[in-house]
Amino acid sequence: MMNLSEVRRIAKEEGLVEIYHNGTSRVVSFAKRGGPGEEKIVARINVYWTTGTVGTCLDHPRQGKTQLFRRNVDIFKLRVIFSDPRVHTGAGYHRLPLSNGSIRHDATRKRQRFTFPPGSRATVDGYADCTVRSAVLTSGPYAGRVKIEYDDGTTYHVLPNQLVPI
């Protein structure tokens, strides 16, 4: 659960404009403009602050108009989404309009946009800051994971979508 005033503060810091609020549905929406001085809205971000669900609506270059929903978003991930609504956190699902007017839900589209080269700093979602110690492993019991080291020296293997850049 997020605090509405904190959501609004972060949106303002990221240059977003509040365009809708519904206290009954507990949703607040923001518009992201194309850039300084540009009036074109490039994304709409809907934040359901009591559930932690965030939906982004944008015009994808290949897929057309899409919606991407992310569940259990914390205030840190929200800032990343506000900064780049196209970012893939690895914990979302798409709603894609089909030619017949219906909607397809696609929970298989889980991509990680950020890359974390060895030596880079990140936060493990919900835990603590760490240093990435390996690229994504391609074989063995930890295939698909990266090795990280916490500041206390302990090491773990985590999925890249569990990392948030700092």
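The structure reproduced in this document is the subject of the present report.

Rules behind the numbers
- Residues numbered from 1 in each chain as written.
- Predicted model: local features only at pLDDT ≥ 70, side-chain atom pairs only at ≥ 80, totals over all residues.
- Heavy atoms only, no water.
- Buried < 20%, exposed > 50% of the residue type's maximum accessible area, 1.4 Å probe, protein only.
- Helix = DSSP H or I, 4+ residues; strand = E, 2+ residues; numbered from the N terminus.
- Polar contact = N/O pair within 3.5 Å; in protein donor to acceptor, adjacent residues only side chain to side chain.
- Lys, Arg positive; Asp, Glu negative; His and termini not counted.
- Salt bridge = Lys/Arg side-chain N within 4 Å of Asp/Glu carboxyl O.
- Core = buried A, V, L, I, M, F, W, Y, C linked by side-chain atoms within 4.5 Å.
- Contact = heavy atoms within 4.5 Å.
- Pairing = 2+ DSSP bridges.

The next subject is helix 2 (residues 75-83). Within helix 2 the residues assigned to the buried category are Ile-75, Lys-77, Leu-78, Val-80, Ile-81 and Phe-82. The residue sitting at the N-terminus of helix 2 and contributing the capping side-chain oxygen is Asp-74; that oxygen lies 3.0 Å from the backbone nitrogen of Phe-76.

In this section: the side chain of Arg-70. Assignment of secondary structure puts Arg-70 in strand 5 (residues 64-70). An unpaired buried charge is present at Arg-70: no salt bridge exists, and Asp-84, the closest side chain of opposite charge, is 7.5 Å distant. Only 3.3 Å separates the side chain of Arg-70 from the side chain of Thr-56, close enough to count as a polar contact. Engagement of the side chain of Arg-70 in a polar contact is seen with the backbone oxygen of Pro-85, the distance being 3.2 Å.

The next point concerns the nonpolar core. Grouped together as the largest cluster of nonpolar side chains are 20 residues, with contacts concentrated most on Met-2, Val-7, Phe-30, Val-47, Val-54, Leu-78 and Phe-82. Of all the elements in the fold, those that place two or more residues in this core are helix 1 (4-13), strand 2 (27-33), strand 3 (41-48) and helix 2. Ranked by residues supplied to this core, first place goes to helix 2 with 5 residues. Excluding residues that lie within four positions of it along the chain, Val-54 makes contacts with Met-2, Ile-45, Asn-46, Val-47, Leu-68, Phe-69, Arg-70, Val-73, Leu-78 and Ile-81. Membership of the second largest hydrophobic core comes to 10 residues, among which are Phe-116, Ala-122, Tyr-150 and Val-158.

Our focus in this paragraph is the pairing of strand 10 (residues 146-150). Here strand 10 shows one buried face, formed by Val-146, Ile-148 and Tyr-150, and one open face, formed by Lys-147 and Glu-149. Looking at chain direction, strand 9 (residues 129-132) and strand 10 are connected through 3 bridges and run antiparallel. When the sheet's bridge partners are listed, Val-132 is paired in strand 10 with Ile-148.

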